[in-house]
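What the coordinates show
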Amino acid sequence: MTDVLVVAEHRRGEVRDASYEVITAGRELAAETGGELHVAVISGTVDGFAEKCNRDGVDAVHTVDHGEEFNHGVYSQTVTKLFDELAPQYVLVPNSVNGLDYAPAVANRLGLPIVTDTIDLESDGDALTATREMYGGKVETTVALEGEAVVTIRGAEWPAAEGTGDATVESFDPEIDESALGSNVTGFEEVAGGDVDISDAEVLVSVGRGIDEEENLEIIRDLADALGATVSSSRPIVDNGWLPKNRQVGQSGKVVTPDVYIAIGISGAVQHVAGMKGSDTIVAINTDPNAPIMDIADYAIHDDLFDVVPALTAEFQ
Amino acid sequence: MKILVTVKEVGTVEDEFDIEGTTIADRSLNVDLNEWDDYAIEEAVQLQEAGIADEVVAVTIGPEDCEQTIRQALAKGADRAIRVWDDAIADSDLLDVGAKTEILGAVVEDEAPDLVLTGVQADDDSFGATGVSVADAVGYEWAAVVNHLEREFDDAVSLRRELEGGVEELTTVELPAVLTIQTGINEPRYASLRGIRQAQRKELAVADLAELGIDEDTVEPTLELTEMYEPESESDVTVWEGGADDTASELAALLREKGVAQ
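Residues numbered from 1 in each chain as written. Chains lettered and ligands numbered in written order. Predicted model: local features only at pLDDT ≥ 70, side-chain atom pairs only at ≥ 80, totals over all residues. Heavy atoms only, no water.

Under an unreviewed UniProt entry, the name given to chain B is Electron transfer flavoprotein subunit beta/FixA family protein, and the organism recorded is Natrarchaeobius halalkaliphilus. The record held by UniProt for chain B lists under Sequence similarities (unreviewed entry) the comment "Belongs to the ETF beta-subunit/FixA family." (UniProt positions renumbered as here; feature names shortened; annotations may be inferred.)

The name an unreviewed UniProt entry gives chain A is Electron transfer flavoprotein subunit alpha/FixB family protein, with Natrarchaeobius halalkaliphilus as the organism. Taken verbatim from the UniProt record of chain A, the Sequence similarities (unreviewed entry) comment is "Belongs to the ETF alpha-subunit/FixB family."

What follows is the structure, given as structure tokens:
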């Protein structure tokens, strides 16, 4: 019971990058426990996925050829049965929307603790210490547990696994209880389309919760006009209906890589940062000097946006 | 149809705060209704107003102090509330997913709702796993990260799940089910003064573990919170100091240097 089982993730025929990051996390953990690293690929074109997931340090890939797309019932039944078969110490899953749609059920079925959204892991072979954030990233905590566990891995915290491994690829054919599959995926829809594609913009003026009121967006639009920039936003602005979905930067919105990203009143939640950290130059305007956005900003102004933004606009008028 | 909504009073932290051991010092901590749960309450109340739900019940795990927060659910339209608390819960500084599953699962079994709505995650500990875990424990179907719910219920409900990268998944889920609700699914209402007055008269039942038929040992956390600290900043950010005119002028110079607005 020292092995690590990683469950890969794919969507619409592509292995998602998160899978390779979890393989790296799994490889590090397996090195600490002295066990083997197993990877499961479930549903879709599993042989092709297995080839892609056969990266350096992977000992075995288990393919489960059942259905095309993600179904949480298939995943929870399969991973539970693979756990019974392989008896690993840890099951690692991406902390993605789909990961969180089946990993808790696997933990419940197996009677194991679950630790989600981890950013660091250490194991001495029996005790696991997981690092995670609380209070919106303002604090980091470590939690400890003994024995086996299900763990979900935050994206972009571990580098993607590379290289080609020499894993054995084996088909695993669990009996799936079809009568227990009470959910059905009927389709997908791209929702972030529209007239403006913020991922093409060279300069983004991006606004967050700090703007307080919808009317206040006017000063952001004025600045964007003066700079010839495009307006984008963090999630709460779109949730409030103040800007359309195609303006949202982040994990569930668009990934942007402009030359200049001006983050105004944005604290920098991890989901937002995931969408904009590839920007060339990041400027943050925020009263809170400890806001997580400051960790990735190149330049910062710790001041009230209602003072700074009009002053900046005036510079260009 | 009966809807059970799980709600949580969460701790919120100011810009400046102190840590004492493995908790945030009381003086640095404020409390609020968990943002995601606010959307879950709104969704339930809208289903009631649309004539789809007959009863909306809110449930929380928390000490007496949190009643004011939970009454927000009643003020916004929930019919009654249940608060679960016990000395055995008070002793724990991190109620883990397994423990919450035992407690909320017992309430679901007692109440037998057709639909359970939970927030995707709690603002403070951000586990994001309890809804699915409870669903599995009680044998309900589920869907995580729901951002749209069709207003037609038969034996199943059609919904959308918000995946990454601006993609939504269209899914049908059989009832009874647990749905974890994402922010932005609706526009949560403010509690009206009338609603707040009415909430004072609505039932807020209190249950301990024994009343729910739960053994104290089963809610003992398997996770131990061992450390809490402020993350070390690896930032090499250049901070411009001075008044707004000075800092704006520094930023303007940088933007011009980068070729912006020329």
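Still to come is the rest of the account.
A word on the packing of aromatic side chains
Scanning all chains against the criterion turns up four aromatic pairs over all chains. Both rings, one in F70 of chain A and one in Y102 of chain A, keep their centres 5.8 Å apart while their planes meet at 50 degrees; by these two values the pair is tilted. Taken together, the positions of F70 of chain A in the loop between β5 (60–64) and α3 (72–86) and Y102 of chain A in the loop between β6 (90–94) and α4 (103–110) put the pair 32 residues apart, joining distant regions of the chain. The exposure class assigned to Y102 of chain A is buried, which follows from its relative accessible area of 2%. An aromatic cluster is built from F70, Y75 and Y102 of chain A, whose rings are joined through pairwise contacts. The side chain of R256 of chain B reaches across the aromatic face of F316 of chain A, ending 4.5 Å from its centre. (Phe/Tyr/Trp six-rings, centres within 6.5 Å; stacked < 30°, edge-to-face > 60°. Helix = DSSP H or I, 4+ residues; strand = E, 2+ residues; numbered from the N terminus. Buried < 20%, exposed > 50% of the residue type's maximum accessible area, 1.4 Å probe, protein only. Lys NZ or Arg CZ within 6 Å of the ring centre and 35° of its normal.)

Comments concerning the sheet that holds strand β17 (residues 281–285) of chain A
By definition, the strands of a sheet pair up through backbone hydrogen bonds, in either a parallel or an antiparallel sense. Spatially, β15(A)-β14(A)-β16(A)-β17(A)-β18(A)-β15(B) is the arrangement adopted by the six strands of the open sheet, whose pairing is parallel. Single-partner strands in this sheet number two, and they are β15 (230–233) of chain A together with β15 (238–240) of chain B. In this sheet, adjacent strand axes meet at a mean angle of 20 degrees when their direction is disregarded. As paired strands, strand β16 (residues 260–264) of chain A and β17 of chain A are joined by five bridges and run parallel to one another. Bridge pairing links A263 of chain A to A284 of chain A in β17 of chain A. The sheet contacts of helix α5 (residues 217–227) of chain A involve β14 (203–207), β15 and β16 of chain A, and relative to β14 of chain A the element is tilted by about 175 degrees. (Pairing = 2+ DSSP bridges. Axes fitted to C-alpha atoms, helices over the stretch in contact; angles between N-to-C directions. Contact = heavy atoms within 4.5 Å.)

Notes on the environment of V219 of chain B
All names here are of chain B. In this fold, V219 is placed in the loop between β13 (204–207) and β14 (224–229). With a relative accessible area of 2%, V219 lands in the buried category. Once the C-alpha coordinates of V219 and D236 are considered, the two residues, 17 residues apart in sequence, prove to be 44 Å apart. Beyond its immediate sequence surroundings of up to four residues, V219 is in contact with L95, A99, E102, I103, L209 and I214.

Observations regarding the UniProt feature "domain: Electron transfer flavoprotein alpha/beta-subunit N-terminal" (unreviewed entry) in chain A
Here the UniProt-annotated "domain: Electron transfer flavoprotein alpha/beta-subunit N-terminal" (unreviewed entry) positions come out as residues 4–185 of chain A. Secondary structure within residues 4–185 of chain A divides into 26% helix and 34% strand; the distance between the first and last C-alpha atoms comes to 29 Å.

Section: the packing of α4 of chain A against helix α5 (residues 130–138) of chain B
Helix-helix packing is described using two parameters, namely the angle between the two axes and the distance between the axes. At their nearest, the axes of α4 of chain A and α5 of chain B sit 8 Å apart, and the two run at 45 degrees to each other. By the angle between their directions, the pair α4 of chain A and α5 of chain B is classed as oblique. Both α4 of chain A and α5 of chain B take part in a crossing whose hand is right-handed. For the pair α4 of chain A and α5 of chain B, contact is made by P104, A105, N108 and R109 of chain A and by V132, S133, D136 and A137 of chain B, respectively. In terms of residue class, the contact of α4 of chain A with α5 of chain B is built from four nonpolar, two polar and two charged. (Parallel < 35°, antiparallel > 145°, perpendicular 65-115°, else oblique. Left-handed = near helix turned anticlockwise from the far one by under 90°. Nonpolar A, V, L, I, M, F, W, Y, C, P; charged D, E, K, R; others polar.)

Details of the nonpolar core
Counting 70 residues, the largest nonpolar core has I23, L92 and L121 of chain A as the members making the most contacts within it. The contact partners of L121 of chain A, leaving out residues within four places of it in the chain, are L29, E32, L92, L128, T129, A130, V151, I153 and W158 of chain A. With 36 residues, the next largest nonpolar core counts V7, V45, V146 and L149 of chain B among its residues. (Core = buried A, V, L, I, M, F, W, Y, C linked by side-chain atoms within 4.5 Å.)

With respect to the layout of surface pockets
Any empty space left between atoms is shown by rolling a water-sized probe over those atoms. What the second largest pocket holds in volume is close to 1,100 Å³. Forming the walls of the second largest pocket are 50 residues, and the residues nearest its centre are K8, E9, I61, D124 and D125 of chain B. (1 Å grid on protein atoms, 1.4 Å probe; cavity = no way out; pocket = protein on both sides within 12 Å on 5 of 7 lines; lining within 4 Å. Points joined across faces, edges and corners; volume = space filled by probe spheres on them.)

What to know about the sheet that holds strand β13 (residues 183–190) of chain A
One open sheet holds the ten strands; their spatial order is β13(A)-β11(B)-β10(B)-β9(B)-β12(B)-β8(B)-β1(B)-β6(B)-β7(B)-β13(B), and the pairing between them is mixed. The sheet terminates laterally at β13 of chain A together with β13 of chain B, the two strands that pair on one side only. Shown here is a sheet whose adjacent strand axes are inclined to one another by a mean of 30 degrees, direction ignored. Relative to strand β12 (residues 177–181) of chain B, strand β9 (residues 141–153) of chain B runs parallel, the two sharing four bridges. Along β12 of chain B, the bridge assignment pairs E141 of chain B with A177 of chain B.

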